[in-house]
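Next come the chains, spelled out residue by residue.
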Amino acid sequence: MNRIYPLFLLFLILGCSSNGTNRNPYLQEISFSYEMNLNLPLYSPLTNTGSSVYVGAKGVGTAGIFVINSGFNQFVASEASCPNHAPNDCSTMILNGQTATCPCDDYEYSLFTGQMLNRPDDGGRYYDMLIYNNTYNNNIVRVYN
């Protein structure tokens, strides 16, 4: 039994990862909560799978949020500020159906996954969209961080 403890300790040490989080240095993760009633005309597109909306209300994200219906009453909410630029005049992305485009340099992102679709192959570090938490209940989508 005494031989098992050092072996267990060895597995515990080797199982720990020294990798830190992949925190985006350009975007602050601010706290907010926003509710969207899908019965209202402004948010009614979200009743259809694959449809998305931009919410630019003050205090919601850094530059607003994009919300897409990913099917089966599941939603993905993401930050509307380009994840590869500090917030500035051109960093609020443009909604293009199921993608978002950064007008600063034409980077494209999937609203379903938040992943950058046209990542340059130059060895640089590029970030995907910041995804926010959400819940769906009684035709109301609540997005929060």
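Provided above is the structure to which this section pertains.
Quick caveat, the model's predicted, so the values are computed rather than measured.

Novice: Before we go on, may I ask you to explain the sheet that holds strand 6 (residues 99–101) in this structure?
Specialist: Neighbouring strands of a sheet are bound in pairs by backbone hydrogen bonds; such pairs are parallel or else antiparallel. Here we have three strands laid out as an open sheet, ordered 5-6-7, and antiparallel in their pairing. One side of each edge strand has no neighbouring strand; the edge strands of this open sheet are strand 5 (94–96) and strand 7 (108–110). Between one strand axis and the next, the sheet turns through 30 degrees on average, direction left out of account.

Novice: Looking at this structure, how should I read the state of the cysteines?
Specialist: Covalent bonding between the sulfur atoms of two cysteines defines a disulfide. Inspection of every chain in the model, using the stated rule, returns one disulfide. Cysteine Cys82 remains unbridged, with the sulfur of Cys102 as its closest cysteine sulfur at 3.2 Å.

Novice: Looking at this model, I keep getting lost on unusual backbone geometry. Mind explaining?
Specialist: Positive phi, normally seen in glycine, also occurs at Phe72, with a value near 55 degrees. Structurally, Phe72 can be placed in the loop between strand 3 (65–71) and strand 4 (74–79). The phi dihedral of Asp106 is positive, around 65 degrees, even though this residue is not glycine. Looking at the secondary structure, you find Asp106 in the loop between strand 6 and strand 7.

Novice: Explain the sheet that holds strand 4 to me, please; I cannot follow it from the model alone.
Specialist: Ordered by their spatial adjacency, six strands build an open sheet running 1-9-8-4-3-2, and the pairing between neighbours is antiparallel. At either margin of the open sheet sits one strand with a lone partner, and together these are strand 1 (33–37) and strand 2 (52–55). Within this sheet the neighbouring strands show an average axis-to-axis angle of 25 degrees, counted without direction. When strand 8 (residues 131–137) meets strand 9 (residues 140–144), the two strands line up antiparallel, connected through five bridges. Paired with Thr135 across the two strands is Arg142, which belongs to strand 9.

Novice: Even after reading the chapter, I still don't get the environment of Tyr43, so can you show me in this structure?
Specialist: Locating Tyr43 in the fold gives a position in the loop between strand 1 and strand 2. For the pair Tyr43 and Val55, spaced twelve residues apart in sequence, the C-alpha to C-alpha distance is 9.2 Å. Ignoring any residue separated from it by four or fewer positions in sequence, one finds Tyr43 in contact with Tyr34, Met36, Asn37, Leu38, Val53 and Val55. Polar contacts involving the side chain of Tyr43 include one to the side chain of Tyr34, which spans 2.4 Å.

Novice: Mind showing me how you'd approach the nonpolar core here?
Specialist: Within soluble globular proteins, side chains that are nonpolar tend to cluster in buried spots. By size, the foremost hydrophobic cluster in this structure holds 18 residues, and its most contacted members are Met36, Val55, Ile65, Val67 and Val143. Where this core is concerned, the elements lending two or more residues are strand 1, strand 2, strand 3, strand 4 and strand 9. Non-local contacts of Val67, meaning those with residues more than four positions away in its chain, are made with Met36, Leu46, Ser51, Ser52, Val53, Phe75, Val76, Ala77 and Val143. Formed by 14 residues, the second largest nonpolar core is a distinct cluster that contains Ala80, Ala100, Leu111 and Tyr126.

Novice: Got a minute to help me understand the pairing of strand 9 in this structure?
Specialist: Taken residue by residue, a regular strand's side chains alternate between the two faces of the sheet. Burial of strand 9 is one-sided: the residues Val141 and Val143 facing one way are buried, the residues Ile140, Arg142 and Tyr144 facing the other way are not. The pairing of strand 1 with strand 9 spans five bridges and is classified as antiparallel. Counted as the bridge partner of Asn37 is Ile140 from strand 9. Counted along the chain from strand 8 to the antiparallel partner strand 9, the turn is two residues long, and its residue Asn138 has a positive phi close to 55 degrees.

Cut-offs used in this document
Residues numbered from 1 in each chain as written. Predicted model: local features only at pLDDT ≥ 70, side-chain atom pairs only at ≥ 80, totals over all residues. Heavy atoms only, no water. Pairing = 2+ DSSP bridges. Helix = DSSP H or I, 4+ residues; strand = E, 2+ residues; numbered from the N terminus. Axes fitted to C-alpha atoms, helices over the stretch in contact; angles between N-to-C directions. Disulfide = S-S within 2.5 Å. Contact = heavy atoms within 4.5 Å. Polar contact = N/O pair within 3.5 Å; in protein donor to acceptor, adjacent residues only side chain to side chain. Core = buried A, V, L, I, M, F, W, Y, C linked by side-chain atoms within 4.5 Å. Buried < 20%, exposed > 50% of the residue type's maximum accessible area, 1.4 Å probe, protein only.

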